[in-house]
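Notes for the structure review
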Number of protein chains: 2
Amino acid sequence: MSRNPEEPVYNRIEEARTALGLSRQDLADKAGVHYQTIGYLEREEYSPSLVLALRIAKSLNQEVSQLFSLNPFKKGK
Amino acid sequence: MSRNPEEPVYNRIEEARTALGLSRQDLADKAGVHYQTIGYLEREEYSPSLVLALRIAKSLNQEVSQLFSLNPFKKGK
DNA sequence: ATGCTATGTAGCATTAATGCAACATAATGA
DNA sequence: TCATTATGTTGCATTAATGCTACATAGCAT
C-alpha cells in the first residue's frame, strides 16, 4: 500500500490486453484512465487503486485475482 | 479511483470479519495496517489500495471479488 | 520521405489513502 | 466502581496514484 512501498503487486495486464488485441489507449479508454497510467501499471512502476483494478479486470473480462497478485505469476499462464 | 471520487467501492469487510470472530484490531494486525484504516473501509469512507484489498482478502480467506465490488452487494450473502 | 500509431521517459500538480494521536462512548467483566 | 475492549470521530502529516504535457523512438503504411 502507500505506506508499504516495498510491497509490490504483480500483474498480467499486458498479457491480457494484447491477447484481446487492445492497445494501451484502448484499454485506458475502457477503464476511464489516462493511457500512460496503463503503461505505468504494466511496467509495475506502481500498483493501482482497487477501483482501477476492478475496472481493468472488467475491461479485460478477467477476475482481479487472475490479473493481480501479491506473488509473482508463474511463466506462461 | 483517486481522480474519480464519485465512484465508490462497496465491500463486505465487516460481514466477513465478524463471521470469523475478529475485531478490527485483529484484522488490522493480520493485514498490517492501522486499526482505524479498517474502520474507514468498513464505513466506506474511502476505498483501499489494491495491495491492501489483496491483503484483507487473504486475511479473511476470501476472493477480492467476494469482498469488494463496484456495484452494491445484495442483501444476505 | 512523410505521417501515424504505439510505446517509453521525465516532470509537475492534485488528491486520496494511510498512519497516528487524542478523545468520546458503550458494553462487559472483575 | 474501575478497567478493558471495541468502536466512532476529528484532525493533521506524508506519500503514492493519477492526470497531463511534452518529447523521443521505433515500426508500419502510404
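Figured I'd write up the structure that's included with this text. (Residues numbered from 1 in each chain as written. Chains lettered and ligands numbered in written order. Predicted model: local features only at pLDDT ≥ 70, side-chain atom pairs only at ≥ 80, totals over all residues. Heavy atoms only, no water.)

**Here we look at the interface of chain B and chain A**
With 21 residues of chain B in contact, the opposing surface of chain A contributes 21 residues. Applying the counting criterion to the chain B and chain A interface returns zero salt bridges. Between chain B and chain A we count four residue pairs in polar contact (both at pLDDT 80 or more) in total. Sorting the residues of the side of chain B that touches chain A by element identifies helix H4 (50-59), helix H5 (64-67) and strand E2 (68-69) of chain B as the ones contributing at least two each. The element that contributes the greatest number of residues to the side of chain B that touches chain A is H4(B), accounting for six residues. Grouping the amino acids of the side of chain B that touches chain A by side-chain chemistry returns eleven nonpolar, six polar and four charged. (Contact = heavy atoms within 4.5 Å. Salt bridge = Lys/Arg side-chain N within 4 Å of Asp/Glu carboxyl O. Polar contact = N/O pair within 3.5 Å; in protein donor to acceptor, adjacent residues only side chain to side chain. Helix = DSSP H or I, 4+ residues; strand = E, 2+ residues; numbered from the N terminus. Nonpolar A, V, L, I, M, F, W, Y, C, P; charged D, E, K, R; others polar.)

**Notes on the environment of Glu14(B)**
Locating Glu14(B) in the fold gives a position in helix H1 (residues 13-19). For the pair formed by Glu14(B) and Ile38(B), sequence separation is 24 residues and the distance between their alpha carbons is 8.8 Å.

**Things to note about unusual backbone geometry**
Residue and element names in this part refer to chain B. The residue Glu44 is not glycine, and still its phi comes out positive at about 55°. By secondary structure assignment, the location of Glu44 is in the loop between helix H3 (35-42) and H4. When its relative accessible area of 34% is taken as the criterion, Glu44 is described as partly exposed. A positive phi angle, near 55°, is found at Asn61, a position not held by glycine. Of note, Asn61 is situated in the loop between H4 and H5. (Buried < 20%, exposed > 50% of the residue type's maximum accessible area, 1.4 Å probe, protein only.)

**Some remarks on the packing of helix H2 (residues 24-31) of chain A against helix H3 (residues 35-42) of chain A**
The angle between the axes and the distance between the axes are what describe a pair of packed helices. All names here are of chain A. The N-to-C vectors of H2 and H3 enclose an angle of 110°; their axes lie 8 Å apart at closest approach. When the axes of H2 and H3 are compared, the pair comes out roughly perpendicular. Taking contact as the criterion, the partners of Arg24, Gln25, Leu27 and Ala28 in H2 are, on H3, Tyr35, Ile38, Gly39 and Glu42. When grouped by side-chain class, the residues that make up the contact of H2 with H3 number four nonpolar, two polar and two charged. (Axes fitted to C-alpha atoms, helices over the stretch in contact; angles between N-to-C directions. Parallel < 35°, antiparallel > 145°, perpendicular 65-115°, else oblique.)

**So, the side chain of Ser69(B)**
If you trace the backbone, Ser69(B) turns up in strand E2. From its side chain, Ser69(B) meets the backbone oxygen of Asn71(B) in a polar contact 2.8 Å long. With residues near it in sequence (within four places) discarded, Ser69(B) still touches Leu54(A), Val9(B) and Tyr10(B).

**Observations regarding helix H2 (residues 24-31) of chain B**
All names here are of chain B. Among the residues making up H2, those that are buried are Leu27, Ala28 and Ala31. The buried residues of H2 occupy an angular sector of 100° when projected down its axis, which confines them to one face. When the buried face of H2 is taken as reference, the exposed residues oriented beyond 90 degrees from it are Asp29 and Lys30. For H2, the secondary structure elements touched by its buried residues are H1, H3 and H4. Immediately downstream of H2, the backbone of Gly32 shows phi near 75°, a positive value. (Arc of directions from axis to C-beta.)

**Comments concerning the pattern of salt bridges**
Applying the stated criterion to the full structure yields ten salt bridges over all chains. Of the charged contacts, one joins Glu45(B) and Arg43(B) as a salt bridge, the two residues approaching to 3.0 Å between their closest N and O atoms. For Glu45(B), a relative accessible area of 47% translates into the label partly exposed. It is possible to trace a salt-bridge network through shared partners that takes in Glu14(A), Arg17(A), Arg24(A) and Glu42(A).

None of this, on its own, says anything about what the molecule does.
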